[in-house]
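# A look at the structure
What follows is each chain in one-letter form.
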Amino acid sequence: MGHFIEVETGVKLFVEDIGEGQPVVFLHGWPVNHKMFEYQATELVKQGYRFIGIDLRGYGQSDRPATGYDYDRKADDVRAVVDYLQLENIVLAGFSMGGPIAARYMSRHKEYQVSKLMLLAPAAPRFTKTDHFPYGIEASEIDGMIASIQEDRPAFLDEFGKQFFHQEPSDPFKQWFGGLGLEASAHGTIQSAIALRDEDGLDDLPGISVPTLLLHGTEDEICPLDFSLYLAEHLADAELVKVENSGHGFIFEEKEKTNNEILTFLKR
């Protein structure tokens with residue numbers, strides 16, 4: 001079942017809602033949408049869980065407003081979805097950009113209705129280097145990415161997709177995955193890149209107390225494994241599972257392992 005949920009006046013998000021049981025809420029990465037989790041959705045519903053995939057503003061079938069691409073607003077959007085669907089005992093899962101948004105939700109909304117957290121190759125606690133956080137890329141590299149998007153967005157997405165995987169996907173898969181990025185608005189893609197460049201989630205970490213699963217590909221070239229190593233040390237109750245021989249797209253490259261680790265964590 002699909003919902004169009006108003007998260008603020010004049011802005012609606014598309015939310016895919018399948019199955020029954022404990023809700024597992026997925027926040028996608030940049031610059032795709034909830035469809036990236038189709039292999040998790042199928043398995044979770046089969047195992048008796050409720051899959052909820054949110055298209056963040058600017059992405060997929062959601063509205064594309066001019067503003068609201070900062071982490072605070074996106075966390076508030078998640079809260080609006082939780083309230084509208086009256087969700088309880090949630091497992092919140094954030095992939096890549098969805099990771100710091102999930103962390104911001106946990107901090108800003110005091111872990112509201114969340115019993116467990118999953119951070120999948122998270123772009124957290126921040127995506128770019130600073131004097132106090134030595135991991136990630138230089139902020140200037142994001143500026144170059146934005147320039148490439150403005151120059152030729154389809155070509156940029158094609159190159160970005162090549163960095164996404166350590167194992168070579170099939171040509172039809174590449175076309176499908178690249179299409180997810182093209183479903184996003186150019187404006188939302190750029191504004192979210194600015195958030196990735198500038199936002200700092202280090203102060204969100206003390207606000208996370210629930211059991212947390214960190215899943216990360218060892219060959220990730222977009223969000224380095226250092227991110228999850230840092231989180232494992234700075235979260236109150238975190239377990240890190242490394243996915244060997246996989247890149248940023250480990251949820252596709254190692255579908256069975258990914259789903260088994262998720263299900264083990266859910267059942268624990």
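Turning to the overall build of the protein chain, a few remarks are in order. Along the protein chain, the regular secondary structure elements total 9 helices and 8 strands. The C-alpha radius of gyration of the protein chain comes to 17 Å, within 12% of the 18 Å expected for a compact globule of 268 residues. In terms of overall dimensions, the protein chain has a C-alpha envelope of 45 × 40 × 40 Å along the principal axes. Counting only residues that meet the buried cut, the protein chain has 58% of its 268 residues in that class. Residue pairs at least 24 apart in sequence account for 78% of intrachain contacts in the protein chain once pairs closer than 6 positions are excluded. In the protein chain, which carries 24 positive and 44 negative side-chain charges, the distance between the mean positions of the two groups comes to 4 Å.

This paragraph deals with the layout of surface pockets. With a probe scaled to a water molecule rolled over the atoms, the places where space remains empty come into view. Here the largest pocket defines a volume of roughly 330 Å³. Looking at the lining of the largest pocket element by element, the count peaks at 6 residues for helix 4 (residues 139-164). By residue class, the composition of the lining of the largest pocket is 9 nonpolar, 5 polar and 4 charged. Computed from the structure, the second largest pocket encloses a volume of approximately 170 Å³. Every residue lining the second largest pocket is listed: Phe127, Ile137, Glu141, Met145, Phe156, Glu159, Phe160, Gln163, Glu221 and Ile222. Of the residues in the lining of the second largest pocket, the class split is 6 nonpolar, 1 polar and 3 charged.

Summed over the entire model, instances satisfying the criterion amount to 24 aromatic pairs. Ring geometry for Phe177 and Phe252: centres 5.7 Å apart, planes at 75°, overall edge-to-face. Separated by 75 residues along the polypeptide, Phe177 in helix 5 (residues 171-182) and Phe252 in helix 8 (residues 250-253) bring together distant segments of the chain. Judged by relative accessible area, which is 7%, Phe177 ranks as buried. Grouping aromatic residues by their ring pairs yields a cluster made of Trp30, Tyr39, Phe95, Phe156, Phe160, Phe164, Phe165, Phe173, Trp176, Phe177 and Phe252. The ring of Phe265 carries Lys116 above its face, with NZ or CZ at 5.1 Å from the centroid. The ring of Tyr39 has Lys255 sitting right over it, with the charged end atom 4.9 Å from the ring centre.

How each quantity is defined
- Residues numbered from 1 in each chain as written.
- Predicted model: local features only at pLDDT ≥ 70, side-chain atom pairs only at ≥ 80, totals over all residues.
- Heavy atoms only, no water.
- Helix = DSSP H or I, 4+ residues; strand = E, 2+ residues; numbered from the N terminus.
- Rg over C-alpha atoms; globule rule 2.2 N^0.38 Å.
- Buried < 20%, exposed > 50% of the residue type's maximum accessible area, 1.4 Å probe, protein only.
- Contact = heavy atoms within 4.5 Å.
- Lys, Arg positive; Asp, Glu negative; His and termini not counted.
- Charge placed at Lys NZ, Arg CZ, Asp CG, Glu CD.
- 1 Å grid on protein atoms, 1.4 Å probe; cavity = no way out; pocket = protein on both sides within 12 Å on 5 of 7 lines; lining within 4 Å.
- Points joined across faces, edges and corners; volume = space filled by probe spheres on them.
- Nonpolar A, V, L, I, M, F, W, Y, C, P; charged D, E, K, R; others polar.
- Phe/Tyr/Trp six-rings, centres within 6.5 Å; stacked < 30°, edge-to-face > 60°.
- Lys NZ or Arg CZ within 6 Å of the ring centre and 35° of its normal.

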